[in-house]
Amino acid sequence: MIAKAAITDGKGTFSLQDIEVSMPEGDEVLVKIQAAGLCHTDHDSLHWGRPVILGHEGAGVVEAVGELVKSVKPGDKVILNWAIPCGTCFQCQEQNQHICENNSPVVAGDALPDGEVSTGHAALERSQYNGKGIERSFNIGTLSTHTVVKEQAVVKYTTAIPYSSASIIGCGVMTGYGSAVNTAKVTPGATVAVIGNGGVGLNVIQGARISGAAKIVAIDTNPTRLEMAKQFGATHTILADKNDKGLKKATEQVKELVGNGGADFAFECTAIPALGAAPLGMVRNAGTAVQVSGIEEEVLIDMQLFEWDKIYINPLYGKCRPQIDFPILLNLYEKGDLLLDEMVTTIYKFENLEQAFADMLAGKNAKGVIVFDA
Ligand SMILES: [Zn+2]
Ligand SMILES: [Zn+2]
C-alpha cells in the first residue's frame, strides 16, 4: 500500500515522500500511525549518513496482521516500542528485554566488531522508496502514515487516552519513568536531584514523585523548564548558571537543600559530556547516580567522586519490558498520577514537522507530537 513518510537523506535534511509499505506476513503487524512523538534521537537520525524513515515513538491502530500474530487484531489500538525483544535470549529471560541479544540496540550506522557498518537490523525490504528498500528508524519508522512492524514492537491498549498522549509512552516517558522506578528504584522518602528537565528529565521527576520521593530537586539553565519541572513533581528548583562548570555550584545548592551530604539519587538527563560526573558529586555516600541520556564520549572523572560506596549506572530505555511497563504507565495515567496530556505541549500537522524540530531544538516543548489527522 502507499503511505506518506518523512524520509531523511542522512545529510541533515528530510522531506515527506510516498512510500510503498508491504502487507504484513508471518509475525508482522500493519499499523496506521495516528500520532508520533518527537525526541532528539529523531533529529540525530537526520545525520546518520543514509536514507531512513524517521520516527521511533508512536501510537496507532492495527489495520492488518500476519498469520502468526496472536496478541493483536485489526482495529486494536497499539503503542509502538522501538527496542523489540525476541523473548527467548539470555537478556530477555533475565527481564532485560531492552537489551535483547537478538535485537541489540546497536543504532544504524554504528561500527560493528567485524568492521561492517550496522544497518540497525532493518528489514529493509518491508518499506520501499523509489522501488528500493529503505530503513526505518529502529525498525519502526513512526513518522509515516503506515508502518509494518514485528508483533513484538506493538503493545495493545484499551485505555481512554488521546493518541497524542499515548504516542510518547514508547520512548521519552518510558526512559525517564523507568530510569527512576525500574533501574534506580527510587524509594519512598528519598531525596532526588534531576539535572536537565527536558522530555526525559520531566519523566524522571514524575517517576520519582510516583515512587514517593520526599524531595525532588530540578536543575536546569532554562527557567521555563524549571516551571515545567514543578508541574510534574519537583519540590525544589535550581536555576543553573551556564558558566557553572561541571555544575559545582549547583551541587553545593543540592547538598544544602537535601542535607545528609547529598541526595540519595541523582539523574543526569542532558547528554552533555561535561556533566557526566555531575550526578556522582550530588549523591551522598552509597547514593545512586544515574546517567539517563547516553553520553557516548570519553569523559574524565575524578575517582574521588565515587567515595564512598557510590553506584553509577547508565540504563537504556528505563529497562523497558513493553508488555509489562506500558500497561503500568497507562494505569498510572488513568489514576491521574502519570501526567501525559500535560506533557504534550504542542501538536503539529505532519506537514509542519520542520517547525516541530525547530521548537524542540529551542527547548519550547515538554514534548512535541505529530498528529496525522490534525
Ligand atoms: Zn531477546
Ligand atoms: Zn526517543
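Residues numbered from 1 in each chain as written. Chains lettered and ligands numbered in written order. Predicted model: local features only at pLDDT ≥ 70, side-chain atom pairs only at ≥ 80, totals over all residues. Heavy atoms only, no water.

## Overview of the packing of helix α5 (residues 199-210) against helix α6 (residues 223-232)
Here's step 1: Orientation of α5 relative to α6, taken along the N-to-C sense of each, is 30°, at an axis distance of 9 Å. Considering the angle they form, α5 stands roughly parallel to α6. The handedness of the crossing between α5 and α6 comes out as right-handed. Taking contact as the criterion, the partners of Gly199, Leu202, Ile205, Gln206 and Arg209 in α5 are, on α6, Arg225, Met228, Ala229 and Phe232.
Here's step 2: The class makeup of the residues in the contact of α5 with α6 is five nonpolar, two polar and two charged. (Axes fitted to C-alpha atoms, helices over the stretch in contact; angles between N-to-C directions. Helix = DSSP H or I, 4+ residues; strand = E, 2+ residues; numbered from the N terminus. Parallel < 35°, antiparallel > 145°, perpendicular 65-115°, else oblique. Left-handed = near helix turned anticlockwise from the far one by under 90°. Contact = heavy atoms within 4.5 Å. Nonpolar A, V, L, I, M, F, W, Y, C, P; charged D, E, K, R; others polar.)

## Here we look at the packing of aromatic side chains
Here's step 1: The tally for this structure, following the rule as stated, stands at six aromatic pairs.
Here's step 2: Ring centres of Phe306 and Tyr312 lie 6.4 Å apart, and the angle between their planes is 50°; on these two criteria the pair is classed as tilted.
Here's step 3: On the basis of relative accessible area, Phe306 is assigned to the partly exposed category, the value being 25%.
Here's step 4: Members of the aromatic cluster, each reached through a chain of ring pairs, are Trp48, Trp82, Phe138 and Tyr317. (Phe/Tyr/Trp six-rings, centres within 6.5 Å; stacked < 30°, edge-to-face > 60°. Buried < 20%, exposed > 50% of the residue type's maximum accessible area, 1.4 Å probe, protein only.)

## Examining the sheet that holds strand β2 (residues 14-21)
Here's step 1: The six strands are arranged β8-β7-β2-β1-β4-β9 in an open sheet whose pairing can be described as mixed. What marks the edges here is a single partner per strand, and that holds for β8 (132-133) and β9 (135-136).
Here's step 2: Pairing of β2 with strand β7 (residues 127-129), which is carried by two bridges, proceeds in the antiparallel orientation. If you follow Glu20 over to β7, its bridge partner there is Gln128. (Pairing = 2+ DSSP bridges.)

## Some thoughts on the environment of Ser179
Here's step 1: Inspection of the secondary structure assignment puts Ser179 in helix α4 (residues 169-183).
Here's step 2: The spatial distance from the C-alpha of Ser179 to the C-alpha of Gly318 is 4.2 Å, given a sequence separation of 139 residues.
Here's step 3: Setting aside residues no more than four positions away along its own chain, Ser179 makes contact with Met174, Ala184, Phe267, Val292, Pro315 and Gly318.

## Here we look at the domain arrangement of the chain
Here's step 1: For the chain, the assigned domains are domain 1 (2-167 + 339-371) and domain 2 (176-316).
Here's step 2: For domain 1 and domain 2, the distance between their C-alpha centres works out to 29 Å.
Here's step 3: Interface area for domain 1 against domain 2, summed over the two sides, is near 890 Å², with a carbon-plus-sulfur share of 61%.
Here's step 4: On the domain 1 side of the interface with domain 2, the three residues burying the most area are Leu339, Met343 and Ala366, jointly 49% of the side's total.
Here's step 5: Our count for the contact surface shared by domain 1 and domain 2 stands at zero salt bridges.
Here's step 6: Inspection of the domain 1/domain 2 interface yields three residue pairs in polar contact (both at pLDDT 80 or more).
Here's step 7: Of the residues assigned to the side of domain 1 that touches domain 2, the class counts are six nonpolar, three polar and two charged. (Domains from an automatic or database assignment. Buried area = accessible area lost by both parts, 1.4 Å probe. Salt bridge = Lys/Arg side-chain N within 4 Å of Asp/Glu carboxyl O. Polar contact = N/O pair within 3.5 Å; in protein donor to acceptor, adjacent residues only side chain to side chain.)

## Re the confidence of the model for the chain
Here's step 1: Confidence in the prediction of the chain, expressed as mean pLDDT, is 93, and 94% of residues score 70 or more.
Here's step 2: Predicted confidence for residues 110-115 stays below pLDDT 50, and this span has seven contacts to residues more than four positions away or in other chains.
Here's step 3: Overall, residues 117-122 carries pLDDT values under 50, and its contacts beyond four positions in sequence, including any with other chains, amount to 19 contacts. (pLDDT = per-residue confidence, 0-100.)

## Quick look at the coordination of the zinc ion (ligand 1)
Here's step 1: Donor atoms from the polypeptide that bind the zinc ion (ligand 1) are Cys86 (SG), Cys89 (SG), Cys92 (SG) and Cys100 (SG), placed at 2.3 to 2.4 Å.
Here's step 2: If you look at the zinc ion (ligand 1), its four donor atoms make angles of 102 to 117° with each other, and the shape they trace is tetrahedral.
Here's step 3: Going along the chain, you hit the donors of the zinc ion (ligand 1) in the pattern C-x2-C-x2-C-x7-C. On the criterion of sequence distance, the pair formed by Cys86 in the loop between β6 (77-80) and α2 (90-93) and Cys100 in the loop between α2 and β7 is long-range, its members being 14 residues apart.
Here's step 4: According to the relative accessible area criterion, Cys100 is buried, its value standing at 1%. (Donors = N, O, S within 2.8 Å, 3.2 Å for Na, K, Ca; no water. Tetrahedral: all angles 85-135°; square planar, octahedral: opposite > 155°, others 65-115°.)

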